[in-house]
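Survey of secondary and tertiary structure
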Amino acid sequence: QTVEKWLSKHVSEGQNVGFDPWLHTLQEVRKLRSALDAKGASLTSLPTNPVDAVWGEQPPTPISPVRIQAMEHAGKSSADKREELGRTLAEHGADAAVLSLPDSIAWLLNIRGADIPRTPFPLSFAILFKNGDVHLFIDQRKVTSSVRSHLGKSVRLFDRNVLATELKALGETSSRVWVDPSSIPQWVVDQLEGTDLVERQDPCALPKACKNSVELEGMRQAHIRDGVAVTRFLAWLDAKAANGSTDELEASDYLEACRRRSSELRDLSFDTISGAGPNGA
């Protein structure tokens, strides 16, 4: 059951529902507002999340180092990607695009990170301009001198705490700003109030999905390496399972150990889900 359907059943006329604009996209807020309007209720953006006020042991913001995705793996330079997407923005009459998806930003700038377990992205926001320049909003403690050199002069670094200021300035200087309503936080849209929005899919989505020859070959080689690891694991499991001398946890650990034999392994894509017999799915 969707949130908007639940609200439609439980709110009354005249009630006001608060929401955290960082945690809901433009598209989601429109659905919520439509459902509440139909019941004579309203929706209000909150300046702070009430959960944060009672979350006493909230973990610190991750600051894992940003690393460079080399050309031998990326297959296309960040400058070329930015230039191509800049032309795409111009073709659709947009002066700039606000990027909120970490995977899009990582692809566009040929960088990687480890802020979230099992996902190789640095947490960040970015503004891409139609001339190919980028403003990157990121905790600069994560950015080494070599990464700064890799990004070049066309990518300007900003701390996250100035994002609101830069977005408002963008709205004042740019006539049209591209946003993806399915992924852009409502908070970002609020800062662009009064700006003419070009609502389209994230401009990085399709180019990122269309792998070049270098990326395709990298995927093939990764599957070959992983196939070797899985084959070693299955041979080990055949012997262990036959006499009942192992369990799910040992099997999961051994599979990871097989994968870590390769010097190419950065991380697992997800923790192995291991179950057998009554513990199986």
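Residues numbered from 1 in each chain as written. Predicted model: local features only at pLDDT ≥ 70, side-chain atom pairs only at ≥ 80, totals over all residues. Heavy atoms only, no water.

1. A short note on the nonpolar core
In globular proteins that are soluble, nonpolar side chains generally tend to be buried together. Our working rule: Definition of nonpolar core: a set of buried residues of the types Ala, Val, Leu, Ile, Met, Phe, Trp, Tyr and Cys, connected through side-chain atoms within 4.5 Å. Per-residue accessibility, obtained with a 1.4 Å probe over protein chains only, is compared with the maximum for each type, and a residue is labelled buried under 20%, exposed over 50%, and partly exposed between these values. Only DSSP runs of H or I with at least four residues qualify as helices, and only runs of E with at least two residues qualify as strands; both kinds are numbered from the N terminus onward. For this analysis, residues touch if any pair of their heavy atoms sits within 4.5 Å.
Within the largest apolar cluster, 24 residues are counted, with the highest numbers of intra-cluster contacts made by Leu99, Leu108, Leu109, Leu128, Val134, Leu136 and Leu151. Contributing elements (two or more residues each) for this core: α5 (78-91), β4 (96-99), α6 (102-109), β6 (125-129), β7 (134-137), α7 (145-151) and β8 (155-158). The contact partners of Leu108, leaving out residues within four places of it in the chain, are Ser78, Lys81, Arg82, Leu85, Leu99, Leu128, Val134 and Cys204. Of all hydrophobic cores here, the second largest spans 18 residues; its members include Val98, Ile127, Leu163 and Leu170.

2. Details of unusual backbone geometry
One non-glycine residue, Asn110, adopts positive backbone phi at about 55°. Residue Asn110 is classed as buried on the basis of its relative accessible area, which comes to 3%. We note that Arg118 has phi near 70°; this positive angle belongs to a residue other than glycine. Along the chain, the position of Arg118 falls in the loop between β5 (111-112) and β6.

3. Considerations on the pairing of strand β1 (residues 16-19)
To keep it simple, the criterion reads: Pairing between strands is defined by DSSP: at least two bridges between the two strands are required. For a crossover, the right-handed case is the one in which the path from the first strand over the helix to the second runs clockwise, viewed with the strands pointing away from the viewer.
In β1, alternate side chains face the same way, and those of Val17 and Phe19 are buried while those of Asn16 and Gly18 on the opposite face are not. Pairing between β1 and strand β2 (residues 42-45): four bridges, direction parallel. Note that in β2 the partner of Gly18 across the bridge is Thr44. Following the chain from β1 across helix α2 (residues 26-38) to the adjacent parallel β2, one finds a crossover that is right-handed.

4. Considerations on the pattern of salt bridges
Note that side chains of opposite charge can pair when their charged atoms are close. Filter applied, for reference: Salt bridge, as used here: a side-chain nitrogen of Lys or Arg that lies within 4 Å of a carboxyl oxygen of Asp or Glu.
Under the criterion given, the structure shown has 13 salt bridges. For Lys142, the salt bridge goes to Asp115, with nearest N and O atoms at 2.6 Å. Residue Lys142 is located in the loop between β7 and α7, and its partner Asp115 is located in the loop between β5 and β6; the two are separated by 27 residues in the primary sequence. Taking the relative accessible area as the measure of exposure, Lys142 reaches 3% and is therefore buried. Note on Asp115: relative accessible area 8%, which makes it buried. Ionic pairing is found between Arg260 and Glu256, a salt bridge with its closest N-O pair at 2.9 Å. Taken together, the positions of Arg260 and Glu256, both in helix α12 (residues 248-260) and four residues apart, correspond to about one turn of that helix. Judged by its relative accessible area of 40%, Arg260 is partly exposed. Connected through shared salt-bridge partners, Arg118, Asp267 and Asp271 make up one network.

5. Digging into the layout of surface pockets
Here is the rule: Cavities and pockets were defined on a 1 Å grid built over protein atoms only: a cavity is a set of grid points that admits a 1.4 Å probe from which the probe cannot escape, a pocket is an open set flanked by protein on both sides within 12 Å along at least five of seven lines, and lining residues are those with an atom within 4 Å of any such point. Grid points are joined across faces, edges and corners, and a volume is the space filled by probe spheres set on the points. Three residue categories are used. Nonpolar comprises Ala, Val, Leu, Ile, Met, Phe, Trp, Tyr, Cys and Pro, charged comprises Asp, Glu, Lys and Arg, and polar comprises the others, including Gly.
Within this model, the largest pocket holds a volume of roughly 1,800 Å³. Looking at the largest pocket, it is lined by 47 residues, and the ones nearest its centre are Pro120, Ala222, Glu264, Arg266 and Asp267. Elements supplying a minimum of two residues to the lining of the largest pocket: β3 (67-68), α4 (71-74), α6, α11 (213-242) and α12. Among the elements that take part in the lining of the largest pocket, α11 stands out by supplying 13 residues, more than any other. Across the lining of the largest pocket, the residue classes tally to 19 nonpolar, 11 polar and 17 charged. The calculated volume of the second largest pocket comes to roughly 1,000 Å³. The residue inventory of the lining of the second largest pocket, partitioned by class, reads 17 nonpolar, 10 polar and seven charged.

6. Describing α11
The criterion, for reference: To estimate how far a helix should extend, the number of its residues minus one is multiplied by 1.5 Å. By the criterion applied in these results, polar contacts are pairs of N or O atoms within 3.5 Å in which, for protein atoms, one can donate a hydrogen and the other can accept it, and in which residues neighboring in sequence qualify only through two side-chain atoms.
Along its 30 residues, α11 runs 43 Å from first to last C-alpha, staying within 8% of the 44 Å computed at 1.5 Å per residue. The complete set of buried residues in α11 reads Glu215, Ala229, Phe233 and Trp236. The secondary structure elements touched by the buried residues of α11 are α4, α6 and α12. Capping the start of α11, Asn212 holds a side-chain oxygen 3.0 Å from the backbone nitrogen of Val214, two or three residues further along. Following α11 by one or two positions, Gly244 adopts a phi angle in the positive range, close to 70°.

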